[in-house]
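Residue-level structural notes
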Amino acid sequence: MNYPSVSLYTPGHCIFTDSLIAYGIVSSIIKELPDCAKDIIITFTGSEYVIEINGLSLEDVAECIILSVMNFRDDIISKLVN
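Let me begin by describing the structure that accompanies this report.

1. Regarding the packing of aromatic side chains
Tallied over the entire structure, the rule returns one aromatic pair. Ring centres of phenylalanine 44 and tyrosine 49 lie 4.7 Å apart, and the angle between their planes is 45°; this geometry places the pair in the tilted category. By relative accessible area, which is 34% here, phenylalanine 44 ends up partly exposed. The class for tyrosine 49 is buried, based on a relative accessible area of 15%.

Set out below in structure tokens:
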């Protein structure tokens, strides 16, 4: 089933933090569903990023992020600390 679009907003902490959050979300989607790269639009509003993803549900996006994190589960503590 195709969905019209999902819009995600970064929290608006600062441009550096929000850039990393947006990168993490988008890279997770592209890694799991490479054909979706053309359907992602990222806009910076001046205080946050808006990530618009056409053709995926929020559940699809969440599943991509979960799978991405699971790939690092064995060494995630060392990646975060080091």
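2. Things to note about the sheet that holds strand β3 (residues 49–54)
The antiparallel open sheet is built from three strands, whose spatial order is β1-β3-β2. Either end of the sheet is taken by a strand with one partner, and the two such strands are β1 (5–9) and β2 (40–44). The mean inter-strand angle of the sheet, taken between neighbouring strand axes irrespective of direction, is 15°. Here β1 pairs with β3 via five bridges, running antiparallel. Looking at β3, one finds that serine 7 is bridged to glutamate 52. Along the sheet, helix α1 (residues 15–32) makes contact with β1, β2 and β3, crossing β3 at roughly 15°.

3. A few points about the pairing of β2
Here β2 runs beside β3; their pairing, made up of five bridges, is antiparallel. Across the sheet, the residue bridging to isoleucine 40 is isoleucine 53, located in β3. Counted between consecutive antiparallel strands, the loop separating β2 from β3 contains four residues, among which glycine 46 sits at a positive phi close to 110°.

What counts as what
- Residues numbered from 1 in each chain as written.
- Predicted model: local features only at pLDDT ≥ 70, side-chain atom pairs only at ≥ 80, totals over all residues.
- Heavy atoms only, no water.
- Phe/Tyr/Trp six-rings, centres within 6.5 Å; stacked < 30°, edge-to-face > 60°.
- Buried < 20%, exposed > 50% of the residue type's maximum accessible area, 1.4 Å probe, protein only.
- Pairing = 2+ DSSP bridges.
- Helix = DSSP H or I, 4+ residues; strand = E, 2+ residues; numbered from the N terminus.
- Axes fitted to C-alpha atoms, helices over the stretch in contact; angles between N-to-C directions.
- Contact = heavy atoms within 4.5 Å.

None of the figures reported here should be taken as evidence of function without further support.
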